[in-house]
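Descriptive structure summary
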Amino acid sequence: MKALEIIRDAGIKTVVLSGRWTDYEARSFDGLQQTIDTLRGQGVRVFVIGQSPQFITDVRKIAFFAKRRNSDDTYWPMAMDPDINNRVRSFTKGATFIDPLKFLCSAGRCPYADAGEFLYFDYGHFSSVGALLAISKYWPVLATDNALAVTK
């Protein structure tokens, strides 16, 4: 695998693996554990970010329907099995696993907007604002780093 060669040759010491695990599940997660084992064998520290929230449709449509119902609630049910991250986690031995659903959601509902800003630019890909929120939840020490500041 070319990526593993690049990581080895460049002397990279930390790797973050992330994906749309709901798609990978159909093919099995076996390759994930093999990748982690290979990286750990090269002395690399590995983080795996589990499945992030996915919604039934674009968050702008959700906001439209919420507004029509006169609701200010910016939380909406996930359109996926929240247990996906437990299944992913079982293939991440030797890595630090981060479950976005535990950081971002509550009782099967997740925020799609915060302070008037959409956290996603579609049904499940973080916007810049959403990515910064997620990172600040996963790694609080990075949230105070000025390098992460976003200008509007």
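The present account deals with the structure reproduced in this document.

Rules behind the numbers
- Residues numbered from 1 in each chain as written.
- Predicted model: local features only at pLDDT ≥ 70, side-chain atom pairs only at ≥ 80, totals over all residues.
- Heavy atoms only, no water.
- Pairing = 2+ DSSP bridges.
- Helix = DSSP H or I, 4+ residues; strand = E, 2+ residues; numbered from the N terminus.
- Axes fitted to C-alpha atoms, helices over the stretch in contact; angles between N-to-C directions.
- Disulfide = S-S within 2.5 Å.
- Buried < 20%, exposed > 50% of the residue type's maximum accessible area, 1.4 Å probe, protein only.
- Contact = heavy atoms within 4.5 Å.
- Salt bridge = Lys/Arg side-chain N within 4 Å of Asp/Glu carboxyl O.

Before going further, it helps to spend a moment on the sheet that holds strand β2 (residues 45-49). In spatial order, the strands read β1-β2-β4; together these 3 strands make up an open sheet with parallel pairing. Two strands close off the open sheet at either side, each with one partner strand: β1 (14-18) and β4 (96-98). Strand-to-strand twist across the sheet, computed as the mean angle between neighbouring axes with direction ignored, equals 20 degrees. Bridge analysis of β2 against β4 gives 3 bridges, and the strand direction is parallel.

Applying the stated criterion to the full structure yields 1 disulfide. Covalent S-S linkage joins Cys 105 and Cys 110, the inter-sulfur distance amounting to 2.0 Å. Between Cys 105 and Cys 110, the S-S dihedral sits near 105 degrees, and the bridge is therefore right-handed.

Now for the pairing of β2. The buried fraction of β2 amounts to 4 of the 5 residues, a majority that puts the element mostly inside the structure. Examined bridge by bridge, β1 and β2 share 5 bridges and lie parallel to one another. When the bridges of β2 are listed, Ser 18 appears paired with Ile 49.

Looking now at the environment of Pro 77. The residue Pro 77 is located in strand β3 (residues 75-77) in this model. Spatially, the C-alpha atom of Pro 77 lies 4.2 Å from that of Arg 109, the residues being 32 residues apart in sequence. Leaving out residues up to four positions away in the same chain, Pro 77 has contacts with Phe 55, Gly 108 and Arg 109.

Further remarks concern the environment of Ala 113. Note on placement: Ala 113 falls in strand β6 (residues 113-114). Residues Ala 113 and Tyr 75, spaced 38 residues apart in sequence, show a C-alpha to C-alpha distance of 7.8 Å. Residue contacts for Ala 113: discarding those within four places in its chain leaves Thr 74, Phe 118 and Leu 119.

According to the stated counting rule, one finds 7 salt bridges in the structure shown. Between Asp 9 and Arg 8 there is a salt bridge, with the nearest N and O atoms lying 3.1 Å from each other. On the basis of relative accessibility, which here comes to 48%, the residue Arg 8 falls in the partly exposed class. As a salt-bridge pair, Arg 109 and Asp 73 come within 2.2 Å of each other at their nearest N and O atoms. With Arg 109 in strand β5 (residues 109-111) and Asp 73 in the loop between α4 (59-68) and β3, this pair connects stretches of sequence that are 36 residues apart. A residue is classified by how much of its surface remains accessible, and Arg 109, at 29% relative accessible area, is partly exposed. For Asp 73, a relative accessible area of 33% puts it in the partly exposed group. Linked through salt bridges whose partners overlap, the residues forming this network are Asp 81, Asp 83 and Arg 87.

In short, shape yes, function no, at least from these values alone.
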